[in-house]
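Structural description and commentary
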Amino acid sequence: MLENALELDKEIKSLHAFQDKIVKDLVTKYKKSEKEIRTLVFSKPILKTRRRPNLRNALLHRKAKELNDGRSEGERLSLVEIQETSNIGEELKDLSEERKEELLNELKDHRELKQTGARASNASAAQDLRQTMDRMATELQNLSHRVGCISFLFTTRGHVQDHGIPGFVLTGNAADFIQDILDMPPWDLIRKYEQWACAHDPGKGMSLSNYQVPDVPLANPKTDTFQSMRIECTKLISEGLKKITQPDPIAMNYINYDLQIVQRRRVKLAGWPSTVKFISPSNMTCTGDARSLLHALRTKTCRWVQLSPGEAAGEVVGRKRKERSDKGRKRKRRNTDEQEQDPDEDSHPSFT
């Protein structure tokens with residue numbers, strides 16, 4: 001074993017010496033710095049094409065959900081442990097075509113939600129922004145070294161309540177372009193961009209449909225601010241309720257939802273996010289709650305459904321009345337036998 005380790009170390013050192021010689025030859029031949037040549041030779045894209053979902057991964061995803069359901073963060077089973085406790089190969093043989101399609105669709109939905117789903121809080125959204133910007137910066141720098149292109153990327157938060165830190169990535173002489181054409185340094189441009197994004201009305205944005213790349217879905221060009229998300233949530237809930245209660249549409253009632261909506265009209269807003277309190281979107285104070293609810297409404301995860309009489313009867317009825325402040329204490333009985341005063345009788349004392 002020791003001899004093999006020594007031989008391997010010798011081979012690796014020989015390979016490094018050969019690589020150093022090739023790099024130095026390229027530096028001399030093309031008049032470039034050694035750092036640039038090494039970046040061109042050894043860099044590789046970090047954005048890779050995702051593999052299509054297969055049945056084995058889909059079944060493992062379902063097993064992971066079943067085995068880790070209810071477990072805390074430190075008690076969840078790893079992928080290796082799940083594979084050891086499950087006979088995946090045998091279970092794959094017994095799957096029907098309908099079951100296979102169900103598992104594949106479930107995995108696809110999970111991946112889509114992970115990529116485009118709303119983050120649970122402003123802090124997690126800011127962390128996602130920072131990590132994505134780090135990856136994009138590395139990718140654009142490597143791309144510039146590989147093909148010689150010039151790029152710039154500016155990102156900023158879209159609402160004053162978001163925690164994302166504005167940033168930019170410049171490759172080549174992109175900074176000179178910004179200074180020459182816009183007559184300002186990049187850090188002034190990102191500051192103005194942030195101010196504009198936080199004050200801009202998302203409903204007045206320019207449509208980008210003419211610039212869509214074929215076969216690539218275009219993201220919503222509107223910037224989802226806290227206020228716009230609450231408005232859209234309220235609109236989607238209200239319109240869905242009116243549609244399902246035709247021909248006698250009603251308005252949404254959050255306070256007496258169980259009595260007025262579920263019991264009397266036999267409809268229910270199913271799929272409301274479990275982490276979001278059931279209140280009117282107009283009363284929400286957390287951006288993360290508005291994001292989660294809006295995503296559920298847009299993807300039809302949260303939607304109005306019709307209930308049978310038995311299902312409607314099983315719901316909680318009405319809003320509980322507030323208890324009396326003097327509950328449990330004896331109260332004086334009112335005298336209901338008091339005679340009303342004769343209106344013809346003078347109620348004021350007479351003066352003689």
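Heads up: the structure comes first, above all this text.
In short, a report on the structure.

On to the overall build of the protein chain. The helix and strand tally for the protein chain stands at 13 helices and four strands. Within the protein chain, the proportion of its 352 residues that are buried is 24%. Sequence separation of 24 or more characterises 63% of the internal contacts of the protein chain that already satisfy a separation of 6 or more. If you sum the accessible surface of the protein chain, you get close to 26,500 Å²; carbon and sulfur atoms cover 51% of it.

Evaluation of the coordinates by the stated rule reveals eight aromatic pairs. With a centroid separation of 6.0 Å and 20° between ring planes, the pair formed by phenylalanine 152 and phenylalanine 177 is classed as stacked. With phenylalanine 152 in strand β1 (residues 152-155) and phenylalanine 177 in helix α8 (residues 174-182), this pair connects stretches of sequence that are 25 residues apart. Aromatic rings pair up to connect Tyr254, Tyr257, Trp272, Phe278 and Trp304 into one cluster. Note that arginine 230 overlies the ring of phenylalanine 226, its terminal NZ or CZ placed 4.6 Å from the centroid.

Our next topic: the nonpolar core. Membership of the largest hydrophobic core comes to 24 residues, with the highest contact counts inside it found for Ile237, Trp272, Leu293 and Trp304. Mapped onto this core, the elements with two or more residues apiece are α10 (226-244), α11 (257-265), β3 (267-270) and α12 (287-298). Here tryptophan 272 is in contact with Ile237, Lys277, Phe278, Ile279, Met284, Leu293 and Cys302, once residues within four sequence places are set aside. Counting residues in each nonpolar core, the second largest holds eight residues, with Ala58, Leu59, Leu60 and Leu95 among its members.

This part covers the packing of α10 against α12. Here α10 crosses α12 at 40°, and the two axes come no closer than 9 Å. It follows that α10 is oblique to α12 by the angle criterion. For the pair α10 and α12, the sense of crossing is left-handed. On the side of α10, the interface is formed by Phe226, Met229, Arg230, Glu232, Cys233, Leu236 and Ile237, while α12 contributes Thr287, Ala290, Arg291, Leu293, Leu294, Leu297 and Arg298. Among the residues making up the contact of α10 with α12, the classes are represented as nine nonpolar, one polar and four charged.

Once that is clear, we can look at the environment of threonine 285. By the element assignment, threonine 285 lies in the loop between β3 and α12. Considered as a pair, threonine 285 and phenylalanine 226 are 59 residues apart in the sequence and their alpha carbons are 9.0 Å apart.

A few words on the environment of leucine 26. Note on placement: leucine 26 falls in helix α1 (residues 2-30). Judged by its relative accessible area of 27%, leucine 26 is partly exposed. With twelve residues separating them along the chain, leucine 26 and arginine 38 place their C-alpha atoms 9.7 Å apart. Aside from chain neighbours lying at most four places away, what touches leucine 26 is Lys31, Ile37 and Val41.

Attention now goes to the pairing of β3. Residues Val267 and Leu269 point to one face of β3 and are all buried, whereas Lys268 and Ala270, pointing to the other face, are not buried. In this sheet, strand β4 (residues 303-306) lies alongside β3 in antiparallel orientation, the contact comprising four bridges. Bridge pairing links alanine 270 to arginine 303 in β4.

Turning our eyes to something else, we now look at unusual backbone geometry. Proline 247 follows glutamine 246 through a cis peptide bond whose omega is 10°. Residue placement: proline 247 occurs in the loop between α10 and α11. Of note, lysine 31 is a non-glycine position whose phi angle comes to about 60°, a positive value. Mapped onto the fold, lysine 31 is located in the loop between α1 and α2 (34-42). Relative accessible area serves as the criterion here: at 70%, lysine 31 is assigned to the exposed category. In this model, arginine 266 sits at a positive phi of 55°, which is unusual for a non-glycine residue. Tracing the backbone shows arginine 266 in the loop between α11 and β3.

Conventions and cut-offs
- Residues numbered from 1 in each chain as written.
- Predicted model: local features only at pLDDT ≥ 70, side-chain atom pairs only at ≥ 80, totals over all residues.
- Heavy atoms only, no water.
- Helix = DSSP H or I, 4+ residues; strand = E, 2+ residues; numbered from the N terminus.
- Buried < 20%, exposed > 50% of the residue type's maximum accessible area, 1.4 Å probe, protein only.
- Contact = heavy atoms within 4.5 Å.
- Areas by Shrake-Rupley, 256 points an atom, 1.4 Å probe, with all protein chains shown as cover.
- Phe/Tyr/Trp six-rings, centres within 6.5 Å; stacked < 30°, edge-to-face > 60°.
- Lys NZ or Arg CZ within 6 Å of the ring centre and 35° of its normal.
- Core = buried A, V, L, I, M, F, W, Y, C linked by side-chain atoms within 4.5 Å.
- Axes fitted to C-alpha atoms, helices over the stretch in contact; angles between N-to-C directions.
- Parallel < 35°, antiparallel > 145°, perpendicular 65-115°, else oblique.
- Left-handed = near helix turned anticlockwise from the far one by under 90°.
- Nonpolar A, V, L, I, M, F, W, Y, C, P; charged D, E, K, R; others polar.
- Pairing = 2+ DSSP bridges.

Nothing here speaks to function; it is geometry throughout.
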